[in-house]
Amino acid sequence: MHDELIYGQTKHWWKESVVYQIYPRSFQDSNGDGIGDLPGITSRLDYLRDLGVDVIWLSPHYDSPNADNGYDIRDYRKVMREFGTMQDFDALLAGIKQRGMRLIVDLVANHTSDEHVWFIESRKSRDNPYRDYYLWRPGKIAANGAELPPNNFGSAFSGSAWTKDKGTGEYYLHLFAEKQPDLNWDNPAVREEIYSTMRFWLDKGVDGFRMDVIPFISKDATFPDVLPNESQVHINANGPHLQEYLQEMNREVLSKYDCMTVGEAHGITIEETPTLVDERRHELNMIFNFDAVRLNRDGRNWRQWKLTELKAIYARQYEALGVHSWNTIFLANHDNPRLVNAFGDDSDAYRVASAKVLATMLLTLKGTAYLYQGDELGMTNYRFRSIEEYDDIEAKNAWKFDVLTGKETAEHYLDNLARVSRDHARTPMQWDDSPHAGFTSPDAKPWLAVNPNYTTINAADARRDQDSIYHYMQQLLRLRKQTLAFVYGDYEDLAPEHPSLFLYARTLGEERFLVALNFSRETFALPDEFSKGQIVLANTASISSELGAWESRIVLA
Ligand SMILES: OC[C@H]1O[C@H](OC[C@H]2O[C@H](OC[C@H]3O[C@H](O)[C@H](O)[C@@H](O)[C@@H]3O)[C@H](O)[C@@H](O)[C@@H]2O)[C@H](O)[C@@H](O)[C@@H]1O
């Protein structure tokens, strides 16, 4: 059977969908232990249906000791105790389907927890049947006779990516924390274990996977050192058998289901993206490219970004992907600070307007749009006061490695962390103005601080206020659903050099939409074309030939 075509592009439900990411730990607690859970999510499904999202992406819900909040899986077929039971999962899935939505789950297959039975076995002896499930290597002997790790890879969570295991005297690889050993994908048994896990969840009825750091799965088994002019993340993402393994996964599993896949792809450039998502290759449907969301970062440090840079990234993505590859549009997730702080204006005067500008952009650019929980309310970064108040392993490990060893001052480290921390996205959802924002019961202790601004920024207020970000997003989602031009239409940046205005057109056949977004507090005149058309949606009632501070406008030309 052939795919339906629309202006030379294949038509798919996952291209037309808007995905909403849930970080279960922080969404809704139902049993008063201070930790979000699956029944909590089920109780909020009407809220998501009313907002108008099509697909829910659930961050890991599997059994885990939580060294990295579930991105360290102990058992791929069991639900995390804190989140509930398999019956709770089934009820959640049924509730999602009943409301006409879909569910994708997180597949963390580059690494497991060190408490996974495969690793417990693997570390027992050099000849254990599971030894080759992970990457074990002897240390390297330096000229002075000292023993060094097998190569100079660093862990994304600080320190060496190799830990020596006392039992057998060999080192195992962990590109993330010590408790997250990397699987050996060159072992066919490992690949089959993962495929079988995928079938297990697909057979239950899930609609696909977000694949954690998927380009890291293939490694050069000789593990050469990273040279000073090389990027480790690029090396890790471009292993020798990556495409071969993804094609095998597609052949063995994905091709047999009507499902969607999105790979988290740090280290893959825009130009390399088609090597993973060109539909003629039968690998993944789309990937997350991090150029846009990490535009405000220089390594680990915050940097001031420019709108012209952001526009250039979207233009390059559009050019590089062409008609056979598909893009993702997102500016937030559970690893990044809050959308309005990072890309908007979090002042009292402009928080709401700027959140609407960003929502307009996310939902009218070309690619499947991904929204992160709480961004429909304009939730903001929390003011963490000390390292103890943070939870994130990335932040805590870097503190140990850099601050406690004197490489960086505590003041500089904390100032920067206040802008970039992953924990900003993880503070509990703000449902109403009751204690703990309605996230958990009044006498419970939420696992992470609730932002005190919940008394004014919360879902209950947003649902009552017709001018809220929530209602504006609802309108945008409705518009997008009715308008294929926003999905499949051509994209043209109308003012790439303008420092504050983002003006673009989306055209499909005879239908042409113009989008005007003001990323500043100034007012600018708009090109004539904008005044001639019919206004479809705007974030202000006072429309003129100019675009005021943080205004958004969509026009049918
Ligand atoms: O399962 C472990 C984590 O996997 C996902 O996120 C991956 C991490 O991605 C980044 O780190 C990758 C590289 O990014 C930059 O290019 C740096 O320069 C490199 O040093 C990094 O290796 C982020 O910086 C991390 O915050 C992400 O964890 C999941 O989404 C995470 O939640 C998991 O923790």
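Everything numeric here is computed off the predicted structure, so don't read it as measured data. (Residues numbered from 1 in each chain as written. Predicted model: local features only at pLDDT ≥ 70, side-chain atom pairs only at ≥ 80, totals over all residues. Heavy atoms only, no water.)

A. Representation of the overall build of the protein within the structure. Each helix and strand in the protein was counted, giving 18 helices and 26 strands. For the protein, the spread of C-alpha atoms along the three principal axes comes to 75 × 55 × 50 Å. The buried share of the protein, reckoned over its 557 residues, is 59%. For the protein, the proportion of contacts with a sequence separation of at least 24, taken over those separated by at least 6, is 68%. By element, 49% of the accessible surface of the protein is carried by carbon and sulfur atoms, the whole surface being about 21600 Å². (Helix = DSSP H or I, 4+ residues; strand = E, 2+ residues; numbered from the N terminus. Buried < 20%, exposed > 50% of the residue type's maximum accessible area, 1.4 Å probe, protein only. Contact = heavy atoms within 4.5 Å. Areas by Shrake-Rupley, 256 points an atom, 1.4 Å probe, with all protein chains shown as cover.)

B. The UniProt feature "domain: Glycosyl hydrolase family 13 catalytic" (unreviewed entry) in the protein, seen in detail. The UniProt feature table records "domain: Glycosyl hydrolase family 13 catalytic" (unreviewed entry) at residues 21-426. Helix and strand shares over residues 21-426 are 31% and 13% respectively, and the end C-alpha atoms of the span are 12 Å apart. (UniProt positions renumbered as here; feature names shortened; annotations may be inferred.)

C. Quick look at the site of the ligand. The immediate surroundings of the ligand are formed by 19 residues, with Asp-68, Asp-212, His-266, Asp-335 and Arg-422 found nearest. Within the side chain of Asp-212, an N or O atom sits 2.7 Å from an oxygen atom of the ligand. Look at the ligand: alone it shows 640 Å² of surface, and the protein chains cover 80% of it. Of the residues contributing to the shell around the ligand, the split by class is six nonpolar, four polar and nine charged. (Near = heavy atom within 4 Å. Polar contact = N/O pair within 3.5 Å; in protein donor to acceptor, adjacent residues only side chain to side chain. Nonpolar A, V, L, I, M, F, W, Y, C, P; charged D, E, K, R; others polar.)

D. A look at the packing of aromatic side chains. Applying the stated criterion across every chain yields a total of 38 aromatic pairs. The structure contains a cluster of three or more aromatic residues connected by ring pairs, namely Tyr-62, Tyr-76, Phe-89, Trp-118, Tyr-130, Tyr-133, Phe-200 and Trp-201. One residue, Arg-44, lies across the ring of Trp-431, its end atom 3.9 Å from the ring centre. (Phe/Tyr/Trp six-rings, centres within 6.5 Å; stacked < 30°, edge-to-face > 60°. Lys NZ or Arg CZ within 6 Å of the ring centre and 35° of its normal.)

E. Highlighting unusual backbone geometry. Notably, Asn-69 is not glycine yet its phi reads approximately 45°, a positive angle. Looking at the element boundaries, Asn-69 is found in the loop between strand 5 (62-63) and strand 6 (75-79). For Asn-69, a relative accessible area of 8% gives the class buried.

F. Spatial organisation of the environment of Asp-278. Structurally, Asp-278 is set in the loop between helix 9 (274-277) and strand 15 (286-288). Spatially, the C-alpha atoms of Asp-278 and His-324 are 5.3 Å apart, while their sequence positions differ by 46 residues. For Asp-278, the contacting residues outside a window of four places in its chain are His-324 and Ser-325. Within the local environment of Asp-278, its side chain forms a polar contact with the side chain of Arg-280, the two groups lying 2.8 Å apart.

G. Molecular detail of helix 14 (residues 410-420). Taken together, the buried positions of helix 14 are occupied by Tyr-413, Asn-416, Leu-417 and Val-420. Around the axis of helix 14, the buried residues are gathered within 105° of arc, so they sit on the same side. Projecting away from the buried face of helix 14 at angles above 90 degrees are the exposed residues Glu-411 and Asp-415. (Arc of directions from axis to C-beta.)

H. Inspection of the pattern of salt bridges at higher detail. Following the criterion strictly, the structure yields 46 salt bridges and no others. A salt bridge links Glu-82 to Arg-81; its shortest N-O distance comes to 3.7 Å. According to the relative accessible area criterion, Glu-82 is buried, its value standing at 15%. The partner of Arg-131 in a salt bridge is Glu-170, with the nearest N and O atoms 2.8 Å apart. With Arg-131 in the loop between helix 5 (117-122) and strand 8 (136-137) and Glu-170 in the loop between strand 11 (162-164) and strand 12 (171-173), this residue pair connects regions lying 39 residues apart in the sequence. (Salt bridge = Lys/Arg side-chain N within 4 Å of Asp/Glu carboxyl O.)

I. Structural context of the domain arrangement of the protein. Under the domain assignment used here, the protein contains domain 1 (14-110 + 188-471), domain 2 (117-173) and domain 3 (489-556). Each of domain 2 and domain 3 has a C-alpha centre, and the two are 55 Å apart. (Domains from an automatic or database assignment.)

J. Main features of the side chain of His-116. Position of His-116 among the secondary structure elements: in the loop between strand 7 (102-107) and helix 5. At 3.0 Å, the side chain of His-116 forms a polar contact with the backbone nitrogen of Trp-118. What His-116 contacts, discounting residues up to four positions off in sequence, is Ile-73, Arg-74, Asp-75, Tyr-76 and Tyr-134.

K. Up close: the nonpolar core. In terms of nonpolar packing, the biggest core is built from 164 residues, with Phe-89 and Met-361 touching the most fellow members. Sort the elements by how many residues they give to this core and helix 12 (residues 351-364) lands first, with seven residues. With residues up to four places along the chain from it excluded, the contact list for Met-361 reads Leu-310, Tyr-314, Leu-331, Phe-502, Tyr-504, Leu-517 and Phe-519. One finds Ala-495, Leu-501, Leu-526 and Phe-530 within the second-largest nonpolar core, a separate group that totals eleven residues. (Core = buried A, V, L, I, M, F, W, Y, C linked by side-chain atoms within 4.5 Å.)

L. Highlighting the sheet that holds strand 8. Pairing within the open sheet is antiparallel, and its three strands lie in the order 8-12-11. One side of each edge strand has no neighbouring strand; the edge strands of this open sheet are strand 8 and strand 11. The pairing of strand 11 with strand 12 spans three bridges and is classified as antiparallel. The residue bridging Thr-163 from the neighbouring strand is Tyr-172, located in strand 12. (Pairing = 2+ DSSP bridges.)

M. View of the environment of Leu-103. Among the secondary structure elements, Leu-103 is positioned in strand 7. Given the relative accessible area of 0%, Leu-103 is considered buried. With residues up to four places along the chain from it excluded, the contact list for Leu-103 reads Ile-56, Leu-58, Phe-89, Leu-93, Ile-96, Val-206, Asp-207 and Gly-208.

N. Fine view of the pairing of strand 14 (residues 260-264). When you tally the buried positions in strand 14, you get five out of five residues, the bulk of the element. Taking every second residue as pointing to the same face, both faces of strand 14 are buried, with Met-260, Val-262 and Glu-264 on one and Thr-261 and Gly-263 on the other. Pairing geometry for strand 13 (residues 208-211) and strand 14, over four bridges, is parallel. Within the sheet, the bridge partner assigned to Met-211 lies in strand 14 and is Gly-263.

O. Main features of the packing of helix 13 (residues 393-403) against helix 14. The N-to-C vectors of helix 13 and helix 14 enclose an angle of 160°; their axes lie 11 Å apart at closest approach. Taken together, the axes of helix 13 and helix 14 are roughly antiparallel relative to one another. Seen along the crossing, helix 13 lies across helix 14 with a hand that is right-handed. Within the contact between the two elements, helix 13 uses Glu-394, Ala-395, Ala-398, Trp-399 and Val-403 and helix 14 uses Ala-410, Tyr-413, Leu-414 and Leu-417. (Axes fitted to C-alpha atoms, helices over the stretch in contact; angles between N-to-C directions. Parallel < 35°, antiparallel > 145°, perpendicular 65-115°, else oblique. Left-handed = near helix turned anticlockwise from the far one by under 90°.)

P. Fine view of the pairing of strand 20 (residues 490-493). Side chains Tyr-491 and Asp-493 project from strand 20 onto a buried face, and the interleaved Asp-490 and Glu-492 project onto a face without burial. Bridge count between strand 20 and strand 21 (residues 501-508): four bridges; the pairing is antiparallel. Across the sheet, residue Glu-492 finds its bridge partner in strand 21, namely Ala-505.

Q. The arrangement of helix 13 in detail. Listing the buried residues of helix 13 in full gives Ile-393, Ala-395, Asn-397, Ala-398, Trp-399, Asp-402 and Val-403. Buried residues in helix 13 make contact with helix 14. Near the N-terminus of helix 13, the side chain that reaches the backbone nitrogen of Glu-394, with its oxygen 3.0 Å away, is that of Asp-392.

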